[in-house]
Amino acid sequence: MTTLPTPRPGREGSEVTPLITASLRGRRRRPSGEPPPLPRHINHTIRWYLLLVGVAGGLWAGMSVPALLGIITRADLAVLRAVITVRAAWLTHLMLGVNALASPWTTHLVAWGTIAVLVAFRRFRHLAAYLVIVLATVLLISAMALEIGRMRPVGMQILGPWQGYAQPSRPVATLALALVGILYTLVPAGRWRNRGKWAAAAILAAFCAARLYLAVDHPTDQVTALIVGWPLAVVAFWLTVPNDVFPVSYRGGRKAHLDIGGRRGAAIVMALDNQLGLAVTGVDNQLGLAVTGVEPFGLEASAGSTPLRIQVRGPDGGKTVLFGKLYALNHLRSDRWYKLARTVVYGRLEDEKPFSTVRRLVEYEDHLLRLMRDAGLPTPRPYGFVEITPEREYLIVMEFFEGGQEIRNAQVDDRVIDDALRVVRRMWDAGVAHRDIKPSNILVRDGNVLLIDVAFAAVRPTPWRQAVDLANMMLTLALASTPEHVYERALSVFAADDVAEAFAACRSITIPSQLRSLIRADGRDLTGRFRQLAPTRRPIPVQLWDIGRVKVTAGLIAALVVAVALFSVYLQVAGLL
Amino acid sequence: MTPRPEARRHDRRAMHRPLSALLATVMVAAAATLTGCAALGDTVPGCGDPLRLAIIAQSVPGASYLPCIRGLPQGWNTFGFDPSQDGTSFLLNSDRSPGQPVTVRLTATCTTSGASPSPPRAPGVLTYTRLDSISPRFAGRLYDVFPGGCVSYSFDFTTGSQIALMEQFEEAVGLYPRQQLRLVLKQKLGVELNS
């Protein structure tokens, strides 16, 4: 296996061409109207569920016409009369027991249990979806019950307890919703969820049978309730927390990572082939074989994307490894919340404007990669990005630093220290800041320092931000050396005042969390020692208050207060109290 | 080069999509909550809508009369309609007696001890009134007793406004004959209501 030759900084023009010739077909433009590699997919189940929702709508429309309501009611009563022919004392006792098992208390317990588990596992998006779907379902049931105003079965003795109008059956709908809520927010898709569906179906079947036996509901009351509580709820979960973007998983790791198997894996291979002309090795997607040329890589160090290791055939036919980062809507949202939190916690020190779309997020990183390469910085060579699903998922492709070691695992000698400091110097000269200098983003290969993950970089940053880059680089180097030695080497690249400014700007919140925890584990007061070594300089204030920060903070507090008030109303309306 | 108009539209849509989606979600949730609360508020069947009265008839199978809303005077509203196998209850609220709604309850039986007879409100109905307090609150119960059931009205008004309020709520709540409901259900739906 070989790696692509790393160009000498600043000496090459376009970096993309060498691999484009790897595929005989080269790049292929997707014609208008042709679906993207991973189109938004409506599977058969969802289509069936939508059809069932239409059936429920049809039944409700029919029930608003007295003549049709009469026909439906007579048909319902005929079924019930057949059911009650099997009534017997022992069976009635059993059915009352089954009916009581799914009481409102049980449903509340299940609903609150689901909420508690979602909070415990910090699945806040699933929680929000669950709460909204519960509220919407309860309101829909109430609205339809009032609209139709249907009586309970007549002409026979009702043996069980009941409350409110009959259509749709509220207990059946809420029990179905509670079970579907568990399945689609807590149970991983696949074998366990499928087993869960059978179990839920069995519970619902027993409950519905008991209520028919007791003549509490008409059959059509249960049909519409089941449609609202199951298919409609599943469609709502599919829309709000699609499993391919927000999978339920208990395997540990970060929730930001997407599953790259199945349709997405094939779509990635196809996109790389068609859009960048990269022939992924070990894959024959036309024969439907497993994708072995694209695999997750370094997941533990990445929260903002799904990092991938991609094997491609190089121009000479040999294997080459590339690095890819898969971005999706959930990453865009994470970026947005992260930037909002930064604005509130320590003000708008720099550009914290969130990206409006996934495409713009990827475009920015691609642009930064090219800009840094043009500036002669040792960052990965960019190969562009591909569209997986328009406006939802993109994969950015870049050079994989084969053989590069994270700096904390590498031999850090004077050559490495000097090279690392020169990288910062070069960034200053080029007018860029990396903004995330920490050990996991600094690799060493053959004694040369390589910089990765430029997604947070900024062009023409504030002087404060540039100074922070220097401080974080010196702290990283000091972890493998001593502050005195790093300071001494720094003076050959920077003025003493530059170093003083760097540590005057340095605070706990300006140090990336990985670096901060390594410094804490190291035990030495590295920051303090650098400040002693450098000329004295007053600290640079990092807490900046401007009208924007005040507005955002006030807005957030107000939103929280409103949310608490709305939540208490919600609990009443959604029937969770 | 000027981008094509559809490309520009697409860009604009893409830019506004997250904010629009968030805004739409909040508005839909708020609207759903508010309309849901509002819809749940005014729910008691009117006397002119017999198909909806059937559920009240089922709550007390032998009751020969069923309470219903004949028409709400200005400033009155209903909420808390709750039919069940134990009877039916709902609340009538006047803006002249905020926080003290009249509770209307249909049950199979009721105890009228201590209550005085009043002019009957419908043929075959015995009406009683029991006052628990006259001043500073005008509070007590009104009973409509008929074969198979009883409607009780629990009121608690500020003294001074009680005469108008009593007249208004008595006018608002009507009694629908069960026999008439049986005929309507037979005619419209082809089903027999339990006697």
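Everything numeric in this text was worked out from a predicted model, so none of it was measured. (Residues numbered from 1 in each chain as written. Chains lettered and ligands numbered in written order. Predicted model: local features only at pLDDT ≥ 70, side-chain atom pairs only at ≥ 80, totals over all residues. Heavy atoms only, no water.)

## Regarding the overall build of chain A
At step 1: Within chain A, the secondary structure is distributed over 19 helices and ten strands.
At step 2: Out of the 577 residues belonging to chain A, those deemed buried represent 52%.
At step 3: At a minimum sequence separation of 6, the contacts of chain A that also span at least 24 residues come to 76%.
At step 4: Put simply, chain A shows about 26000 Å² of open surface, and 62% of that area lies on carbon and sulfur atoms. (Helix = DSSP H or I, 4+ residues; strand = E, 2+ residues; numbered from the N terminus. Buried < 20%, exposed > 50% of the residue type's maximum accessible area, 1.4 Å probe, protein only. Contact = heavy atoms within 4.5 Å. Areas by Shrake-Rupley, 256 points an atom, 1.4 Å probe, with all protein chains shown as cover.)

## Things to note about the overall build of chain B
At step 1: Within chain B one finds four helices and nine strands.
At step 2: Mapped from its N terminus to its C terminus, chain B presents α and β elements in the order α-α-β-β-β-β-β-β-β-β-α-β-α.
At step 3: Counting over 195 residues, chain B shows a buried share of 41%.
At step 4: A fraction of 50% describes how many contacts in chain B between residues 6 or more apart in sequence connect residues 24 or more apart.
At step 5: Put simply, chain B shows about 10000 Å² of open surface, and 59% of that area lies on carbon and sulfur atoms.

## A short note on the sheet that holds strand β2 (residues 76–84) of chain B
Strand pairs in the sheet, formed through backbone hydrogen bonds, run parallel or antiparallel to each other.
All names here are of chain B.
At step 1: Strands sit in the order β2-β3-β4-β8-β7-β6-β5 across an open sheet of seven strands; the sheet is antiparallel. The open sheet has two free edges, formed respectively by β2 and β5 (116–118), since each of these has just one partner strand. Neighbour-to-neighbour, the strand axes of the sheet open up by a mean angle of 20°, direction not taken into account.
At step 2: Both strand β6 (residues 126–133) and strand β7 (residues 137–146) contribute to a ladder of seven bridges, which runs antiparallel. Across the sheet, residue tyrosine 128 finds its bridge partner in β7, namely tyrosine 143.
At step 3: Where helix α2 (residues 50–59) meets the sheet, it contacts β2, β3 (87–94) and β4 (102–107), and its direction lies at approximately 50° from that of β2. (Pairing = 2+ DSSP bridges. Axes fitted to C-alpha atoms, helices over the stretch in contact; angles between N-to-C directions.)

## As for the sheet that holds strand β3 (residues 319–327) of chain A
Residues and elements named next belong to chain A.
At step 1: The five strands lie next to each other as β1-β2-β3-β5-β4, forming an open sheet whose pairing is antiparallel. Only two strands of the sheet have a single partner each, and these edge strands are β1 (294–296) and β4 (382–389). Strand after strand, the sheet turns through a mean of 30° between neighbouring axes, direction not considered.
At step 2: Relative to strand β5 (residues 393–399), β4 is paired through five bridges, and the arrangement is antiparallel. Each bridged residue has a counterpart across the sheet, and for threonine 389 the counterpart in β5 is glutamate 393.
At step 3: In the packing of helix α10 (residues 262–276) onto the sheet, the strands contacted are β1, β2 (306–313), β3, β4 and β5, and the crossing angle to β4 comes to about 130°.

## Section: the packing of helix α14 (residues 463–479) of chain A against helix α17 (residues 513–522) of chain A
Residues and elements named next belong to chain A.
At step 1: Where α14 meets α17, the axes come as close as 11 Å, and the angle between the chain directions of the two elements is 40°. Viewed along their axes, α14 and α17 adopt a mutual orientation that is oblique. For the pair α14 and α17, the crossing hand works out as left-handed. For the pair formed by α14 and α17, the contact residues are Asn472, Leu475, Thr476 and Leu479 on the first element and Leu515, Leu518, Ile519 and Asp522 on the second.
At step 2: In the contact of α14 with α17, the residues fall into five nonpolar, two polar and one charged. (Parallel < 35°, antiparallel > 145°, perpendicular 65-115°, else oblique. Left-handed = near helix turned anticlockwise from the far one by under 90°. Nonpolar A, V, L, I, M, F, W, Y, C, P; charged D, E, K, R; others polar.)

## Focus on the packing of aromatic side chains
At step 1: Going through the model one piece at a time under the given rule, you end up with 13 aromatic pairs over all chains.
At step 2: Site record: aromatic cluster; members linked through ring pairs are Phe138(B), Tyr153(B), Phe155(B), Phe157(B) and Phe169(B).
At step 3: Stacked on the ring of Tyr213(A), the Lys or Arg Arg87(A) has its end atom at 5.9 Å from the ring centre.
At step 4: Across from the ring centre of Phe400(A), 5.3 Å away, lies the NZ or CZ of Arg309(A), which sits over that ring. (Phe/Tyr/Trp six-rings, centres within 6.5 Å; stacked < 30°, edge-to-face > 60°. Lys NZ or Arg CZ within 6 Å of the ring centre and 35° of its normal.)

## Digging into the confidence of the model for chain B
Residue and element names in this part refer to chain B.
At step 1: Within chain B, residue pLDDT values average 81, and 78% of them lie at 70 or more.
At step 2: pLDDT under 50 marks residues 1–23. Its contacts with residues more than four places away, or in other chains, come to 14 contacts.
At step 3: Ignoring residues within four places in sequence, the model shows residues 34–41, a span with pLDDT below 50, making ten contacts including any to other chains.
At step 4: As scored by the predictor, the complex reaches a pTM of 0.69 and an ipTM of 0.80. (pLDDT = per-residue confidence, 0-100.)

## Some details on the state of the cysteines
Residue and element names in this part refer to chain B.
At step 1: Per the counting criterion, the structure on display carries two disulfides over all chains.
At step 2: With its sulfur 2.0 Å from that of its partner, cysteine 47 forms a disulfide with cysteine 68. Here the disulfide of cysteine 47 and cysteine 68 is right-handed, its torsion about the S-S bond being about 95°. Taken together, the positions of cysteine 47 in the loop between α1 (5–41) and α2 and cysteine 68 in strand β1 (residues 65–69) put the pair 21 residues apart, joining distant regions of the chain. Both residues of the pair, cysteine 47 and cysteine 68, count as buried.
At step 3: Across chain B, the way the bonded cysteines pair up, counted in sequence order, is 1-2, 3-4. (Disulfide = S-S within 2.5 Å.)

## Here we look at the interface of chain B and chain A
Interfaces are often sized by the amount of accessible area the parts lose when they come together.
At step 1: Contact residues are listed per partner, giving 33 residues for chain B and 35 residues for chain A.
At step 2: Buried area between chain B and chain A, both sides added, is near 2700 Å², and the carbon and sulfur share of it is 65%.
At step 3: Across the contact surface, chain B and chain A share zero salt bridges.
At step 4: Applying the counting criterion to the chain B and chain A interface returns eight residue pairs in polar contact (both at pLDDT 80 or more).
At step 5: Taken together, the elements giving at least two residues each to the side of chain B that touches chain A come down to α1, α2, β2 and α4 (178–188) of chain B.
At step 6: Looking at the side of chain B that touches chain A, the element that brings in the most residues is α1(B), giving twelve residues.
At step 7: Of the residues in the side of chain B that touches chain A, the class split is 17 nonpolar, ten polar and six charged. (Buried area = accessible area lost by both parts, 1.4 Å probe. Salt bridge = Lys/Arg side-chain N within 4 Å of Asp/Glu carboxyl O. Polar contact = N/O pair within 3.5 Å; in protein donor to acceptor, adjacent residues only side chain to side chain.)

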